[in-house]
Amino acid sequence: MANPNPTHAILEQLGLLLSPEFTTVLDCDPPELIVTGGYRSGKSTVTAAKFQTHPFYLTGHDDKFKPFLGWLVGPTYQGAHKEMEYLVRWAYQMMPGAILGRPSLPDDGVQTLRLKNGSTIETRSSTNPERLASDAPHLIAVVEAGQQPESVRNAVLGRALENDAHIIYSGTLEDKQRWSWYEDLAEKWREEPTAEARSFSLPSWSNLAEFPGGAEDSK
């Protein structure tokens, strides 16, 4: 039987195995969202999935007909490669004829995926903060967020205003977190969720591709 949820169905067509924990994060859409989790828990996958299923990404423009722009912001350019890798793979898999030219994927520089419908997804590095002061995205992901200073959050919040962009922060919580803001907000938003901000922690076994038994694999 086909999945009645169109967002879930898009990902299932791409071969993703959707655990309840994964879909809980996928379906939650506050202006700011934090996703932490264990090793290979699917943080990068669910972050990329937020872009893949964004309605403006699929149509190519917002309701004012401005072309969709998405940012993947890493502590370095390489830090955002995994999410871009998923999106490029899915684009070729699901809609190869919709890709404009060939994706630009330098190892150390801005990576860009463009679709013929006008949608663009780009990587950004917080080591080049001036690149966070241009353009107005429709969706922003700050990946490996615990490795980036709070000034990055302030910068993307400013860029989110024009298009009411939602922001996803993802990454592990390490024993010696370099920047405390990420861990502090993750704990606060998990314990006191609001309509404006939520936080989730994905267990490793929520990644059904790695742990087919789900929670049973944790026993």
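Look up a bit, the structure's there.
If you're wondering where the values come from, they're calculated on a predicted model, not measured in any experiment. (Residues numbered from 1 in each chain as written. Predicted model: local features only at pLDDT ≥ 70, side-chain atom pairs only at ≥ 80, totals over all residues. Heavy atoms only, no water.)

Considerations on the sheet that holds strand β4 (residues 120-125)
Thinking step 1. The strand order across the open sheet formed by seven strands is β3-β4-β2-β5-β6-β1-β7, and the pairing between neighbours is mixed. Each edge of the open sheet carries a strand with a single partner, namely β3 (112-114) and β7 (197-202). The sheet shows a mean angle of 15° between the axes of neighbouring strands, direction not considered.
Thinking step 2. Inspection of the sheet shows β3 paired to β4 by three bridges, in the antiparallel sense. Bridge pairing in β4 links L113 to I121.
Thinking step 3. Each of β1 (32-37) and β7 touches helix α2 (residues 20-27); the most contacted strand, β7, lies at about 160° to it.
Thinking step 4. Packed onto the sheet, helix α3 (residues 43-52) meets β1, β2 (69-74), β4, β5 (139-143), β6 (166-170) and β7 and runs at close to 165° relative to β5. (Pairing = 2+ DSSP bridges. Helix = DSSP H or I, 4+ residues; strand = E, 2+ residues; numbered from the N terminus. Axes fitted to C-alpha atoms, helices over the stretch in contact; angles between N-to-C directions. Contact = heavy atoms within 4.5 Å.)

Describing a negative patch on the surface
Thinking step 1. Side chains of E150, E183, D184, E187, E191 and E192 sit close together on the surface and give a patch of like negative charge.
Thinking step 2. At four residues, the largest contribution of residues to the negative patch is made by helix α7 (residues 180-191).
Thinking step 3. Mapped onto the elements of the fold, D184 is located in helix α7. (Patch = residues over 30% accessible without salt bridge, like charges linked within 9 Å, V, L, I, M, F, W, Y side chains within 5 Å. Areas by Shrake-Rupley, 256 points an atom, 1.4 Å probe, with all protein chains shown as cover. Salt bridge = Lys/Arg side-chain N within 4 Å of Asp/Glu carboxyl O. Lys, Arg positive; Asp, Glu negative; His and termini not counted. Charge placed at Lys NZ, Arg CZ, Asp CG, Glu CD.)

Some details on the environment of L58
Thinking step 1. One can find L58 in helix α4 (residues 55-59).
Thinking step 2. On a C-alpha basis, the gap between L58 and P4 in space is 18 Å, while along the polypeptide they are 54 residues apart.
Thinking step 3. Those residues in contact with L58 that sit more than four places away from it in its chain are I10, Q52, T53 and N117.

Re unusual backbone geometry
The bulk of non-glycine residues show a negative phi, and the bulk of peptide bonds are trans.
Thinking step 1. The phi dihedral of E144 is positive, around 50°, even though this residue is not glycine.
Thinking step 2. With respect to the helices and strands, E144 occurs in the loop between β5 and α6 (150-160).
Thinking step 3. On the basis of relative accessibility, which here comes to 33%, the residue E144 falls in the partly exposed class.
Thinking step 4. A positive phi angle, near 50°, is found at D164, a position not held by glycine.
Thinking step 5. Inspection of the secondary structure puts D164 in the loop between α6 and β6. (Buried < 20%, exposed > 50% of the residue type's maximum accessible area, 1.4 Å probe, protein only.)

A short note on the pairing of β6
Thinking step 1. In terms of burial, β6 is largely enclosed, as four of its five residues are buried.
Thinking step 2. Examined bridge by bridge, β1 and β6 share four bridges and lie parallel to one another. The partner of L33 across the bridge, within β6, is I168.
Thinking step 3. In this fold, the crossover linking β5 to β6 by way of α6 has right-handed handedness. (Right-handed = clockwise from strand over helix to strand, strands pointing away.)

Focus: the side chain of D62
Thinking step 1. Along the chain, D62 turns up in the loop between α4 and β2.
Thinking step 2. Buried and unpaired, D62 has K66 as its nearest opposite-charge partner, separated by 4.6 Å.
Thinking step 3. Only 2.8 Å separates the side chain of D62 from the backbone nitrogen of K64, close enough to count as a polar contact.
Thinking step 4. A distance of 2.8 Å separates a polar side-chain atom of D62 from the backbone nitrogen of K66.
Thinking step 5. When neighbours within four sequence positions are excluded, D62 is seen to be in contact with F56, H138 and N163. (Polar contact = N/O pair within 3.5 Å; in protein donor to acceptor, adjacent residues only side chain to side chain.)

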